[in-house]
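One letter stands for each residue in the lines below.
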Amino acid sequence: MDAHAHHGPAKGLTRWLFTTNHKDIGTMYMWFSFAMFILGGAFAMIIRAELFQPGLQMVNPEFFNQMLTLHGLVMVFGAIMPAFVGLANYMIPMMIGAPDMALPRMNNWSFWILPFAFAMLVSTLFMEGGSPNFGWTFYAPLSTTYAPPSVTFFIFSIHIMGMSSIMGAINIIATVINMRAPGMTYMKMPMFVWTWLITAFLLVAVMPVLAGAVTMMLMDIHFGTSFFSAAGGGDPVLFQHVFWFFGHPEVYIVILPAFGVVSQIIPTFARKPLFGYDSMVYATASIAFLSFLVWAHHMFTVGMPIAGELFFMYATLLIAVPTGVKVFNWVTTMFRGSMTFETPMLFCIGFIILFTIGGFTGVMLAIAPADFQYHDSYFVVAHFHYVMVAGAVFSMTAAIYYWLPKWTGKMYDETLGKTQFWIAFIGFNLAFFPQHFLGLAGMPRRIPDYALQFTNFNMLSSIGAFIYGGAQVLLGFNVIRTIVAGKPVNDPKVWDGAQGLEWTLPTPAPYHTFTTPPEVK
Amino acid sequence: MYQKAMRLYRLALGPVLLLLSSIGSSAWAQGPTEWRHPNQVNMPVGVTEVSAQIHSIHMTVFWICVAIGVAVFSTMFYSILVHRKSRGYKPSHFHESTKLEIAWTIVPFIILIVMAVPATSTIIAIYDTEDADLDILVTGYQWKWKYEYIDPAGENISFFSSMSTTPEEIAGTAPKGENYLIEVDEPVVIPVNKKVRFLLTANDVIHAWWVPEFGIKKDAIPGFINEAWARPLKTGFYRGQCAELCGRDHGFMPVVVSVVEQEEYDSWLTAKKEEAAQIKELMAKHFTLPELVQQGQQIYNRVCVACHGPNGEGGIGNALAKSAIVTGALDETLDTVVHGVPGTAMQAFGGQLNDVELAAVTTYIRNSFGNNMGDMTQPVDVFNFKKGQ
Ligand SMILES: [Cu+2]
Ligand SMILES: [Cu+2]
């Protein structure tokens, strides 16, 4: 055989700087997102420490607003999105029998601009006037006329993140469409590949809209336009329409790959095929389609005409149908399987429970008249943490434990993994369940201090948040421990119930895989 | 000790309380103070028809979700307990069932329609702002509310409503009062059993006016006017907060509505109008320097001290002692006070203080903290200055 096909990675730093290897790039994406996850988590810890009791103890309101803004931005754009892009980079070629991503050089670039974007974003903390303080939704005119000077750096970093996401998405689309192994028809693709293909189209469709929103902000701030200022004939509500036209599909950009992960893992540990593969694919596609028609459910109190309220309420309720189909499918897959409960499976079951609760509160929020009470209260905070954290973070954690042996050739510590699950599950619920009560009882979100009747549940929530934060440190420890001192595994399948091309490869997966495409029957 | 135990007990019972509260929801409708009790876990029934309707939809949807949740989770936990490898359960290999899949698409769809029907009628009620007995213009400012009663005869009265919780309470150097952060210097007063329409707008950024017991939350947007209405059926104080992130003191701009009997409202309104007439009279008056300085000091300590410090030494705001603007041309000082400095924390006080107050505070800062300008600004000067703009 020709020696070239077997060359390993380059040595030293240049391996990572110049790499075009999908496994290297996937690895970097995931480590980067973990670092951002810890950073965004640290911001959250500051928020929860301040909210531990009434009164201002730790930080001033100005800094509090900076923390909640950076927490949101870093978690959404720095932790969750790159984590799934990294997972896609690593796994999609191995799942469809391709040697690498279709556009490997662009792949390198789309990763390497990210650290610069976030370095710039976080550096605003040290600028005069402080970092952005207008929330991750950055509503105008708070984010334009009334913003700190650092807003310009924020805009630039959003642009870079957007470019990175779009390039990543284009790469995934090109790979899935062109590089499937012979015989792998669309309806034979693993669910994770399907959900990512649809997510990638969502990204290409809405990231430019976000870029448009921040560009209009930039024009308003520096070039005298008035897109979002009524004084110059513009409209602050226009900002919200543009933002949420991006923002709602963004929710599915975050959650669809999570659905994919769960649809891979549950059949493995139930030792039974996914109940309704076809309906899962159609459900994913309909969720993606509907996600473009519901954006104004974030704006029920903005003073829309009644026809708008009704349209967006009905359309939003409709999304519950395909989402329900997903949950029913997972449960039916488990039904009459032969289940074992390794760490990835535990996280998937946790995902189903918590995501379903988040789905229920989502239906409640979709009821426009009731939203007049829920809107901008802690009820919303509880809701989106149930779908975002339980949805994306639980499933990502499941994915890490599930594929880690394939990546490293070492087995993680099962007891430590299970312990982490229980700490995370209990901490998460302690942190976020009481927030439903707080919101219903009238506590607005994004406040640094609260009326006395909210004291007890806030205290509980803070304690839960610290516990949940601790669980993430344990995750990092467990992964590093596995790489350094895990028990070696050689079985290509790793899990006896695992299905799919990645499990036909040797363990650990070599640097180059499927240089000759496999035959899929 | 007992209290502490009770608190823990209530805390542990939170979720149970949520369930109970819905069963006996009438028990929770005892009034505004009842609703804002520690460990409150549910939405208020409130004191308007709309808020009660919202509460009932909320509970309906909640129970439907509970029912679906019980069905899904019990199926799942049943399999988790029974269909496990450790019990030697052999996996079956069934998948796809068109009948089942059609069922779990159609049934949720029908349930959603059941939810959407009452929701639609309530939203129609919320939007019916016609035929109000009273109109109040509510303007959000960073970080206070202004209420203006629209009078058919053109004799509008207006006032600002700011949080009255002290900085010491917030910093923890003074004990926190019962209504910590949800109390104001002057609540908005409305009559009971009357349809009151609130016209909402904002002066700077977007705020949101929220009174949970009225079922009202509506954005106050600069340059636009939104409408909301309430017909409160019970007298009392109803408290809420700004709900849209609006900058530094977003957490410190509460809403307090005092609902009173018609007679009480009428006499309150008369008193307010008299007060307004008095101010008008004062506007024409010529004050002496000590009078202005004395009055200006009170205003300074109420409005300016938080940013500029008790001795004009500065803080969040610039120092006023020996400041170039304060010791410069009088018009320049007045201009800064009236129009603020855009893009900074220095607000435009021209619309927030009346001309007497503006005159007094301008005179005060030019004659204190070692600034001995010796000049005066009379209310009529402020009036002319504003007119000349
Ligand atoms: Cu949405
Ligand atoms: Cu506000």
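Residues numbered from 1 in each chain as written. Chains lettered and ligands numbered in written order. Predicted model: local features only at pLDDT ≥ 70, side-chain atom pairs only at ≥ 80, totals over all residues. Heavy atoms only, no water.

Counting secondary structure elements, chain A contains 14 helices and 2 strands. Rg of the C-alpha trace for chain A: 23 Å, near the compact-globule value of 24 Å for 521 residues, within the 12% margin. Principal axes of the C-alpha set define a box for chain A whose edges measure 70 × 50 × 45 Å. Restricting to contacts in chain A with at least 6 residues of sequence separation, those with at least 24 account for 82%. Carbon and sulfur atoms make up 73% of the accessible area of chain A, which amounts to about 16200 Å² in all. Charge-centre separation for chain A: the mean point of 20 positive side chains lies 14 Å from the mean point of 21 negative side chains. (Helix = DSSP H or I, 4+ residues; strand = E, 2+ residues; numbered from the N terminus. Rg over C-alpha atoms; globule rule 2.2 N^0.38 Å. Contact = heavy atoms within 4.5 Å. Areas by Shrake-Rupley, 256 points an atom, 1.4 Å probe, with all protein chains shown as cover. Lys, Arg positive; Asp, Glu negative; His and termini not counted. Charge placed at Lys NZ, Arg CZ, Asp CG, Glu CD.)

The helix and strand tally for chain B stands at 11 helices and 10 strands. Rg of the C-alpha trace for chain B: 28 Å, well past the compact-globule value of 21 Å for 389 residues, more than 25% over. Taking the principal axes of the C-alpha coordinates as reference, chain B spans close to 95 × 50 × 50 Å. A total of 389 residues make up chain B; the buried ones form 49% of that total. Sequence-distant contacts in chain B: of pairs separated by 6 or more residues, those separated by 24 or more amount to 64%. (Buried < 20%, exposed > 50% of the residue type's maximum accessible area, 1.4 Å probe, protein only.)

Turning our attention to the interface of chain A and chain B. Chain A puts 101 residues into the contact, and the matching count from chain B is 97 residues. A buried area of about 8200 Å², summed over both sides, lies between chain A and chain B, and 70% of it is on carbon and sulfur atoms. A per-residue breakdown of the area chain A buries against chain B is headed by Phe275(A), Phe372(A) and Gln373(A), which together make up 9% of the total. Here chain A and chain B share 1 salt bridge between them. Of the charged contacts in the structure, one is a salt bridge between Lys85(B) and Asp496(A), with a shortest N-O distance of 3.6 Å. Here chain A and chain B share 23 residue pairs in polar contact (both at pLDDT 80 or more) between them. If you list the elements that add at least two residues to the side of chain A that touches chain B, you get α3 (61-96), α7 (236-270), α8 (277-290), α9 (306-334), α10 (343-366), α11 (368-374), α13 (414-440) and α14 (455-485) of chain A. Sorting elements by how many residues they give to the side of chain A that touches chain B places α9(A) first, with 16 residues. In terms of residue class, the side of chain A that touches chain B is built from 64 nonpolar, 24 polar and 13 charged. (Buried area = accessible area lost by both parts, 1.4 Å probe. Salt bridge = Lys/Arg side-chain N within 4 Å of Asp/Glu carboxyl O. Polar contact = N/O pair within 3.5 Å; in protein donor to acceptor, adjacent residues only side chain to side chain. Nonpolar A, V, L, I, M, F, W, Y, C, P; charged D, E, K, R; others polar.)

Quick look at the side chain of Thr455(A) now. All names here are of chain A. Its place among the elements puts Thr 455 in helix α14. Residue Thr 455 is classed as buried on the basis of its relative accessible area of 15%. The residues contacting Thr 455, other than those within four sequence positions of it, are Pro 54 and Tyr 450.

Right, let's talk about the coordination of the copper ion (ligand 1) for a bit. All of the protein donors around the copper ion (ligand 1) are His248(A) (ND1), His297(A) (NE2) and His298(A) (NE2); their distances to the metal are 1.7 to 2.0 Å. Binding-site remark: the copper ion (ligand 1) is held by donors from one chain whose sequence spacing is H-x48-H-H. (Donors = N, O, S within 2.8 Å, 3.2 Å for Na, K, Ca; no water.)

This brings us to the side chain of Thr333(B). Residue and element names in this part refer to chain B. One can find Thr 333 in helix α9 (residues 330-339). Residue Thr 333 is classed as buried on the basis of its relative accessible area, which comes to 1%. Among all residues touching Thr 333, those that are not within four sequence positions of it are Ile 325, Val 326, Thr 362, Ile 365 and Arg 366.

Attention now goes to the nonpolar core. Judged by nonpolar contacts, the single largest core of 268 residues is most densely connected at Phe77(A), Leu87(A), Tyr149(B) and Trp209(B). Setting aside residues up to four positions removed in sequence, Trp209(B) forms contacts with Val138(B), Trp145(B), Tyr147(B), Phe198(B), Leu200(B), Ile216(B), Lys217(B), Lys218(B), Val255(B) and Val257(B). Listed in part, the 22 residues of the second largest apolar core include Val326(B), Ala359(B), Val361(B) and Tyr364(B). (Core = buried A, V, L, I, M, F, W, Y, C linked by side-chain atoms within 4.5 Å.)

Attention now moves to the sheet that holds strand β4 (residues 188-191) of chain B. All names here are of chain B. Spatially, the 3 strands line up as an open sheet ordered β4-β10-β9, and their pairing is mixed. What marks the edges here is a single partner per strand, and that holds for β4 and β9 (236-241). Each strand axis lies, on average, 25 degrees off the axis of its neighbour in the sheet, ignoring direction. Taken together, the 6 bridges between β9 and strand β10 (residues 254-260) define a ladder with antiparallel strand orientation. Residue pairing in the sheet places Arg 239 in a bridge with Val 256 of β10. The sheet strands contacting helix α7 (residues 262-284) are β4 and β10, and the helix crosses β4 at an angle near 135 degrees. (Pairing = 2+ DSSP bridges. Axes fitted to C-alpha atoms, helices over the stretch in contact; angles between N-to-C directions.)

We now examine the sheet that holds strand β1 (residues 134-141) of chain B. All names here are of chain B. If you walk across this open sheet you meet the 5 strands as β3-β2-β1-β5-β8, and the pairing is mixed. Single-partner strands in this sheet number two, and they are β3 (157-161) and β8 (226-230). Adjacent strand axes in the sheet meet at a mean angle of 25 degrees, parallel and antiparallel pairs treated alike. Relative to strand β2 (residues 144-150), β1 runs antiparallel, the two sharing 7 bridges. Note on β2: the bridge partner recorded for Asp 135 is Ile 150.

Let us now look at the confidence of the model for chain B. Residue and element names in this part refer to chain B. Considering every residue of chain B, the mean pLDDT works out to 86; 91% of them sit at 70 or more. Here residues 1-33 is modelled with pLDDT under 50, and outside its nearest four sequence neighbours on either side it reaches 39 contacts, counting other chains as well. Scored as a whole, the predicted complex attains pTM 0.89, and scored at its interfaces, ipTM 0.92. (pLDDT = per-residue confidence, 0-100.)

What follows is about a negative patch on the surface. Negative charge collects at one region of the surface, where Asp128(B), Glu130(B), Asp131(B), Asp133(B) and Glu227(B) lie side by side. On the basis of relative accessible area, Glu130(B) is assigned to the exposed category, the value being 51%. (Patch = residues over 30% accessible without salt bridge, like charges linked within 9 Å, V, L, I, M, F, W, Y side chains within 5 Å.)

So, about the pairing of β1(B). Residues and elements named next belong to chain B. Counting buried positions over the 8 residues of β1 gives 8, a clear majority of the element. Burial of β1 is two-sided: the residues Leu 134, Ile 136, Val 138 and Gly 140 facing one way and the residues Asp 135, Leu 137, Thr 139 and Tyr 141 facing the other way are all buried. Taken together, the 7 bridges between β1 and strand β5 (residues 196-202) define a ladder with parallel strand orientation. Its bridge partner lying in β5, Asp 135 is registered against Arg 197. The turn joining β1 and β2, which pair antiparallel and follow one another in sequence, is formed by 2 residues.

Taken as a whole and judged by the stated rule, the model has 70 aromatic pairs over all chains. Measuring from ring centre to ring centre gives 6.4 Å for Phe259(A) and Phe351(A), while their planes differ by 80 degrees; the resulting arrangement is edge-to-face. Of this pair, Phe259(A) sits in helix α7 while Phe351(A) sits in helix α10, placing them 92 residues apart in sequence. Both residues of the pair, Phe259(A) and Phe351(A), belong to the buried class. Sitting over the face of the ring of Tyr186(A), Arg180(A) holds its NZ or CZ atom 3.9 Å from the ring centroid. Geometry around Trp210(B) places Lys217(B) over its ring, the cationic atom sitting 3.8 Å from the centre. (Phe/Tyr/Trp six-rings, centres within 6.5 Å; stacked < 30°, edge-to-face > 60°. Lys NZ or Arg CZ within 6 Å of the ring centre and 35° of its normal.)

Now for the pattern of salt bridges. Throughout the structure, instances matching the rule amount to 12 salt bridges over all chains. Between Asp376(A) and Arg445(A) there is a salt bridge; the shortest N-O distance is 3.5 Å. Separated by 69 residues along the polypeptide, Asp376(A) in the loop between α11 and α12 (378-408) and Arg445(A) in the loop between α13 and α14 bring together distant segments of the chain. Take Asp376(A): its relative accessible area is 6%, and that puts it in the buried class. Salt bridges sharing partners connect three or more residues here, namely Arg271(A), Asp496(A) and Lys85(B).

This part takes up the packing of helix α4 (residues 104-123) of chain A against helix α5 (residues 151-178) of chain A. All names here are of chain A. Packing of α4 against α5 brings their axes to within 9 Å, and their N-to-C directions diverge by 160 degrees. The angle between the axes of α4 and α5 places the two elements in the roughly antiparallel class. Considering the relative orientation of α4 and α5, their crossing is left-handed. Between α4, through Met 106, Asn 107, Trp 109, Ser 110, Ile 113, Leu 114, Ala 117, Phe 118, Met 120 and Leu 121, and α5, the contact on the second element is made entirely by Phe 153, Phe 154, Phe 156, Ser 157, Ile 160, Met 161, Met 163, Ser 164, Met 167, Gly 168, Ile 170 and Asn 171. When grouped by side-chain class, the residues that make up the contact of α4 with α5 number 16 nonpolar, 6 polar and no charged. (Parallel < 35°, antiparallel > 145°, perpendicular 65-115°, else oblique. Left-handed = near helix turned anticlockwise from the far one by under 90°.)

The next point concerns unusual backbone geometry. In this chain, Thr507(A) is followed by Pro508(A) through a cis amide linkage whose omega measures -5 degrees. Within the secondary structure, Pro508(A) sits in the segment after β2 (487-488). The omega angle of the peptide bond from Gln142(B) to Trp143(B) is 0 degrees, so this bond is cis rather than trans. Considering the arrangement of structural elements, one finds Trp143(B) in the loop between β1 and β2. For Lys322(B), which is not glycine, the phi dihedral falls at a positive 60 degrees. You can see Lys322(B) is positioned in the loop between α8 (289-308) and α9. Judged by its relative accessible area of 62%, Lys322(B) is exposed. With phi around 55 degrees, Phe369(B) is a residue other than glycine that occupies positive phi space. As for its position among the elements, Phe369(B) is in the loop between α10 (355-366) and α11 (379-387). Take Phe369(B): its relative accessible area is 18%, and that puts it in the buried class.

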